[in-house]
Amino acid sequence: MQAKTTVLCIVSAILAGCSGKTEINVEPFSYSDSTEYAKISIEGELPTADDEVTQAIHDTLLYILEEQMCFTDYEGNKSLEQFSGDRTDLAKLINYYGDGLSEVLSGMCKTDVEYRDNNIRQNDMLSEDEKQQMLSDIPSWDYSVSLRLDTVTSKYAVFQNYTYLYQGGAHGGVAGAGTITFDMKTGKRFTNFFDRGDTHRMQKLLRNGLIAYFNECGDEVTDENLNDHLQVSRNIVPLPYAYAPYPSEDGLVFTYAQYEIACYAAGMPTFTVPYHDLLPYLTDEAKELLSDKIEE
């Protein structure tokens, strides 16, 4: 078993926004463990609760992290109980979940390995050499959780949160909350950039963004053949459902989850739409949040 470490200190994240500098204090955390059957990695940074705004951001992000570290299955069942100790001690909290994940996933993977091992050994269609090769190729599992501060301005803060899970199949899967935007006035999570009813009006923007994404990936895609690369109802490109758009210097960034609108090989389609192109569709709340970025 490899050594696991939790690094704990307070640092100040200072990033320039259009209306000056804003800072959020963050507390880094890190956990890693590797057993015969599973590798676990938890790393990132959580804002410290210095006032009402950062308290709200901290609580939302910690809730998201704990849901991921409890390892909730597709039916909503959690593998671990919520940490019941001192919740201000981030090191103990992270180590509790890390140790628990290592034990739970190692046990699940061990069961999977034994099942595969038995099937291979009993397969009379395979030669002994083939069996030995397949037995040596039985994979271990891998689970990682990450949370990083991306941007802070006087208007908003953006965090990146992703998980990766590999359970011995053809490939792993990326999930998590994605990029999370918070209103710096209230500390509440902000997702209300558009009215969902505007999806049809935004088709040209969404399609042009996807065309640019696929072409950057090396495909030759035009509006005429874009639908061949998508798996959407009635050829209507929806707004991203799994991940809300988030603000950047150049515009709002749209990201679709794996399988959301295309096959696995398409990755996670991502593109940026300039703010001036989005003005007709932004909600009043979004215009206020992005007032430093847009010119009306």
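Further up the page is the structure itself.
An account of the accompanying structure is given in this report. (Residues numbered from 1 in each chain as written. Predicted model: local features only at pLDDT ≥ 70, side-chain atom pairs only at ≥ 80, totals over all residues. Heavy atoms only, no water.)

**Regarding the packing of helix α2 (residues 90-121) against helix α3 (residues 128-136)**
What counts here: Each axis is a line fitted through C-alpha atoms, taken for helices only over the stretch in contact, and angles between the N-to-C directions span 0 to 180 degrees. Helix and strand definitions here come from DSSP, where helices need a minimum of 4 consecutive H or I residues and strands a minimum of 2 consecutive E residues; each element is numbered from the N-terminal end. What sets the label is the angle itself: under 35 degrees gives roughly parallel, over 145 gives roughly antiparallel, 65 to 115 gives roughly perpendicular, and the rest give oblique. Contacts were defined at the residue level, with two residues in contact if any of their heavy atoms lie within 4.5 Å. Residues were grouped as follows: Ala, Val, Leu, Ile, Met, Phe, Trp, Tyr, Cys and Pro as nonpolar; Asp, Glu, Lys and Arg as charged; and all remaining residues, including Gly, as polar.
The N-to-C vectors of α2 and α3 enclose an angle of 170°; their axes lie 10 Å apart at closest approach. When the axis of α2 is compared with that of α3, the two are roughly antiparallel. Along the contact surface, α2 presents D117, I120 and R121, while α3 presents K131, M134 and L135. For the contact of α2 with α3, the class distribution of residues is 3 nonpolar, no polar and 3 charged.

**Some words on the packing of helix α1 (residues 52-69) against α2**
Packing of α1 against α2 leaves a shortest axis separation of 10 Å and a crossing angle of 20°. Comparing the axis directions of α1 and α2 gives the class roughly parallel. Contacts from L62, E66 and M69 in α1 reach L93, I94, Y97 and L101 in α2.

**Re the pattern of salt bridges**
The line we're drawing: Counted as salt bridges are all cases of a side-chain nitrogen of Lys or Arg within 4 Å of a carboxyl oxygen of Asp or Glu. We call a residue buried when its accessible area falls under 20% of the maximum for its residue type, exposed when it is over 50%, and partly exposed in between, using a 1.4 Å probe and counting protein chains only.
With the rule as written, the count across this model stands at 13 salt bridges. For K131, the salt bridge is made with E128, and the minimal N-O distance between the two is 3.8 Å. With K131 and E128 both in helix α3 and 3 residues apart, this pair spans about one turn of that helix. K131 sits in the buried class, given a relative accessible area of 9%.

**As for unusual backbone geometry**
Peptide bonds are mostly trans, and most non-glycine residues show a negative phi. With a phi close to 55°, R234 is a non-glycine residue in the positive phi region. Structurally, R234 is set in the loop between α4 (203-216) and β7 (246-247). Under the relative-accessibility criterion, R234 is labelled exposed at 71%. A positive phi angle is found at Y259, which is not glycine, with a value near 70°. In this fold, Y259 is placed in the loop between β8 (252-255) and β9 (270-273). Under the relative-accessibility criterion, Y259 is labelled partly exposed at 48%.

**Digging into the sheet that holds β8**
The following threshold applies: At least two DSSP bridges between two strands are needed for those strands to be called paired.
Taking strand neighbours across the sheet as the criterion, the 3 strands line up as β7-β8-β9 in an open arrangement whose pairing is antiparallel. Only two strands of the sheet have a single partner each, and these edge strands are β7 and β9. Seen against the sheet, α4 touches β8 and β9 and runs at an angle of roughly 130° to β9.

**Let's talk about the side chain of T283**
Residue position: T283 is located in the loop between α5 (275-278) and α6 (284-289). Classification of T283 by relative accessible area gives buried; the value is 12%. Excluding anything up to four places from it in sequence, T283 contacts N192, F193, F194 and D195.

**Quick look at the pairing of β8**
Where burial is concerned, the two faces of β8 agree: the one with L252 and F254 and the one with V253 and T255 are both buried. Pairing between β7 and β8: 2 bridges, direction antiparallel. Across the sheet, Y246 pairs through a bridge with V253, a residue of β8. Remark: 4 residues form the turn of the hairpin made by β7 and β8, two consecutive strands paired antiparallel; G251 in that turn has positive phi of roughly 155°. Bridging between β8 and β9 involves 4 bridges; their strand directions are antiparallel. Considered in β9, the bridge of F254 is made with F271.

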